[in-house]
Structure formats: C-alpha cells, structure tokens
Amino acid sequence: MYRFSGCRAGSAVMIRAGRAYAAGEAEGLAVVLTDPLSFWGGVAVATGAIIDRSHPQVGQSLAGKILVMPCGRGSSSASSVLAECLRLGTGPLGILLARPDPILTVAALVAEALYDIRCPIVVAEIDGIATGDRLRLTATGSAAQVVRL
C-alpha cells in the first residue's frame, strides 16, 4: 500500500505498509544494499563498515543509518555480530527488508532484551528507495509503516 501526501511543494511523504518483525521506531538516512549481507565476516563491529570484499557496497558504513536490503545472508552467528554492533552504537538504527530474515530478527530481539536497545525490523516493498533518502520506520505489534520524508 502506498499513499502520497504533500503539504508543500517538494515535501511529499510516501507511506508503505509493512510487517513488523522487531518493534521500535527509527529515523535516519537510508543505505540501500543491492545484495544481501551477512554480518558475520561482512561487517566490522568496531565501525559498522561493510568489510566483505565480495559485496558491491564494500566500505559503506551502516552505523546510524536505516539499512535497506533484499534480505540477510546466512550464518546464524550473524545475529551475535549485529547485536554487538547495536550495543556499541555501530549498527543500523533500523532495518527494512524485502523478505523476512529470522537471523536479523533474533539480533534485534536480543539487543532489546539484553541492552534495552531497539532496532526495528520491517518487511515491506523496497523498490524506489535510494541511499540518502530520509526514512522513518515505525513497528508495533505486527504492523509497520515506512515513511520517506
């Protein structure tokens, strides 16, 4: 579902309904990955930068951004790496996926339970979102929305 509204010229807001997999609210600049990413061996915990040399966005920082990607990529250990990034403040503020990923969801749930840090995870359509777009993710219960500001 898409809805557009404009208060002033150039202030269009896009709203997409989605499904919440981890609760929370986050607002920030999007970093859109063309390929799935594994946090295990793919992200530097100390900096939040992509270090997987085979990934198209190697070098891009996820710290303090809204991570947008098709889905996660493997290794159950990726959940511990993402949770540690969240604890250190080097992880994404929120994650928007085209397809559900249980490993990333576990990381967000663990970070909330252990560190009282929320990283909303939302599954919704990602087409048309570009790196640098300002997004707001809101996830409560099973409902979520994505707003491009």
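Structure shown above.
Report on the accompanying structure.

Conventions adopted
- Residues numbered from 1 in each chain as written.
- Predicted model: local features only at pLDDT ≥ 70, side-chain atom pairs only at ≥ 80, totals over all residues.
- Heavy atoms only, no water.
- Helix = DSSP H or I, 4+ residues; strand = E, 2+ residues; numbered from the N terminus.
- Rg over C-alpha atoms; globule rule 2.2 N^0.38 Å.
- Buried < 20%, exposed > 50% of the residue type's maximum accessible area, 1.4 Å probe, protein only.
- Areas by Shrake-Rupley, 256 points an atom, 1.4 Å probe, with all protein chains shown as cover.
- Phe/Tyr/Trp six-rings, centres within 6.5 Å; stacked < 30°, edge-to-face > 60°.
- Lys NZ or Arg CZ within 6 Å of the ring centre and 35° of its normal.
- Salt bridge = Lys/Arg side-chain N within 4 Å of Asp/Glu carboxyl O.

**As for the overall build of the protein chain**
Line of reasoning, step 1. Along the backbone of the protein chain there are two helices and eight strands.
Line of reasoning, step 2. Secondary structure elements of the protein chain occur, N-terminal to C-terminal, as β-β-β-β-α-β-α-β-β-β.
Line of reasoning, step 3. Computed over C-alpha atoms, the radius of gyration of the protein chain comes to 14 Å, within 12% of the 15 Å expected from 2.2 N^0.38 for 149 residues, which places it in the range of a compact globule.
Line of reasoning, step 4. Viewed in the frame of its principal axes, the protein chain has a C-alpha envelope of about 45 × 30 × 25 Å.
Line of reasoning, step 5. Within the protein chain, buried positions represent 46% of all 149 residues.
Line of reasoning, step 6. As displayed, the protein chain offers around 7000 Å² of accessible surface, 55% of which is attributable to carbon and sulfur atoms.

**Regarding the packing of aromatic side chains**
Line of reasoning, step 1. Per the counting criterion, the structure on display carries zero aromatic pairs.
Line of reasoning, step 2. Just above the ring of Tyr 21 sits the side chain of Arg 19; from NZ or CZ to the centre is 5.4 Å.

**Some points on unusual backbone geometry**
Line of reasoning, step 1. With a phi close to 55°, Asp 116 is a non-glycine residue in the positive phi region.
Line of reasoning, step 2. Following the sequence through the fold, Asp 116 ends up in the loop between α2 (102-115) and β6 (121-123).

**Points about the pattern of salt bridges**
Line of reasoning, step 1. The full count for this structure, using the stated rule, is six salt bridges.
Line of reasoning, step 2. Ionic pairing is found between Glu 27 and Arg 136, a salt bridge with its closest N-O pair at 3.0 Å. Taken together, the residues span a long stretch of sequence, with Glu 27 in strand β3 (residues 24-32) and Arg 136 in strand β7 (residues 134-140) at a distance of 109 residues.
Line of reasoning, step 3. For the salt bridge of Arg 118 with Glu 112, the shortest nitrogen-to-oxygen distance reads 2.9 Å.

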